[in-house]
Amino acid sequence: MLSRRSSIIAGGTIALAVLVLLAGPLTKFGVLPWSAGLGLFALGSLVAAIGGLICLGIVIRNRGGMLASGGMVAGLAAAAVLAKIITGASGVPEIHDITTDTANPPLFVSVTPALRGDGSNSITYDPAIAPKQAAAYPGVRPRTITKSPADVFDIATKAVVARGWTVVGADSATGRIEATDTSGWWGFKDDVVIRLRPDGDGTRIDIRSVSRIGRSDMGANAARIEKLMAAIAG
């Protein structure tokens, strides 16, 4: 039989784990601002992790039942998720604007500061981040393929649509496609621009991806560019 104190800890741990799960949807649907949602996620995960360890001790001492076991599982799961995020963040630089061309990055035209919203990161490229990107993401590079810009434009448009992104602007004459990728759980938005230019007998592909919020994208923009580039260039 759990003591009253242990029952409160176990129940509270489970409740916190549920709140951690709800932090994403609450942010996505505008119930919480993104900063509050992330704060709830981080603090809730940390406290739930402590509760999970306490519940683990109760279970090891054979003083717990289903409630203590549930608190242990919920708390340790929250701890594992938080640890994974912290570990992932520690290995990437605090940048959120990634491009295949740091000397002459593709420009956003249809995606405007007004569209991105108040408090969003700037879409004016900062050349100072180029060395950090080069060190962290050497695989983010332009590609030239032996297809016409018109053909590549069609391929790129289909690749964007297939990913479920919102196409904000598409101009075949200039070879520019702009789109917004919205994350499923949190509803965070990252904006992407694809630039296609004739290069000899083929087409050069450049892609830029910029997060609307946060100092670090935890590698999301670089991964997005590399996957999109592979889908377009093959």
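Residues numbered from 1 in each chain as written. Predicted model: local features only at pLDDT ≥ 70, side-chain atom pairs only at ≥ 80, totals over all residues. Heavy atoms only, no water.

A. Fine view of helix α1 (residues 4-28). Over its 25 residues, α1 extends 36 Å from the first C-alpha to the last, a length consistent with the 36 Å expected when each residue adds 1.5 Å. If you look at α1, its biggest bend is around 35°, right at L22, and the proline P25 turns up within four residues after that. Buried residues of α1: S6, A10, T13, A17, V20, A23, G24 and T27, and no others. Lining the buried residues of α1 we find α2 (34-60) and α3 (66-90). Residue G30 follows α1 closely and has a positive phi angle near 80°. (Helix = DSSP H or I, 4+ residues; strand = E, 2+ residues; numbered from the N terminus. Expected span 1.5 Å × (residues − 1). Bend = angle between axes of the 7 residues up to and from the residue. Buried < 20%, exposed > 50% of the residue type's maximum accessible area, 1.4 Å probe, protein only. Contact = heavy atoms within 4.5 Å.)

B. Structural view of the pattern of salt bridges. Taken as a whole and assessed by the stated rule, the structure comprises 14 salt bridges. Put simply, R208 and D97 hold a salt bridge, and the shortest N to O gap is 2.8 Å. Of the two residues, R208 is situated in strand β6 (residues 202-211) and D97 in strand β1 (residues 97-99); the sequence distance between them amounts to 111 residues. Residue D97 is classed as buried on the basis of its relative accessible area, which comes to 4%. (Salt bridge = Lys/Arg side-chain N within 4 Å of Asp/Glu carboxyl O.)

C. Representation of the pairing of strand β3 (residues 166-171). Bridging between β3 and strand β4 (residues 176-182) involves five bridges; their strand directions are antiparallel. Each residue of the ladder has a partner; that of D171, found in β4, is R176. Linkage of β3 to β4, two consecutive antiparallel strands, is achieved through a turn of four residues, within which G175 is found at a positive phi near 70°. (Pairing = 2+ DSSP bridges.)

D. Highlighting the pairing of strand β5 (residues 189-199). Relative to β5, β4 is paired through seven bridges, and the arrangement is antiparallel. If you follow T182 over to β5, its bridge partner there is K189. Between β4 and β5, which pair antiparallel in sequence order, lie six residues; one of them, G187, sits at a positive phi of approximately 80°. Of the strand pairs in this sheet, β5 and β6 are connected by 10 bridges, and their pairing is antiparallel. Looking at β6, one finds that P198 is bridged to T203. Hairpin remark: β5 followed by β6, antiparallel, with two residues in the connecting loop; positive phi at G200, about 65°.

E. α3, seen in detail. The terminal C-alpha atoms of α3, which comprises 25 residues, lie 36 Å apart, in line with the 36 Å expected from a rise of 1.5 Å per residue. All of the buried residues in α3 are A68, G71, M72, A74, G75, A78 and L82. The inward-facing, buried residues of α3 contact α1 and α2.

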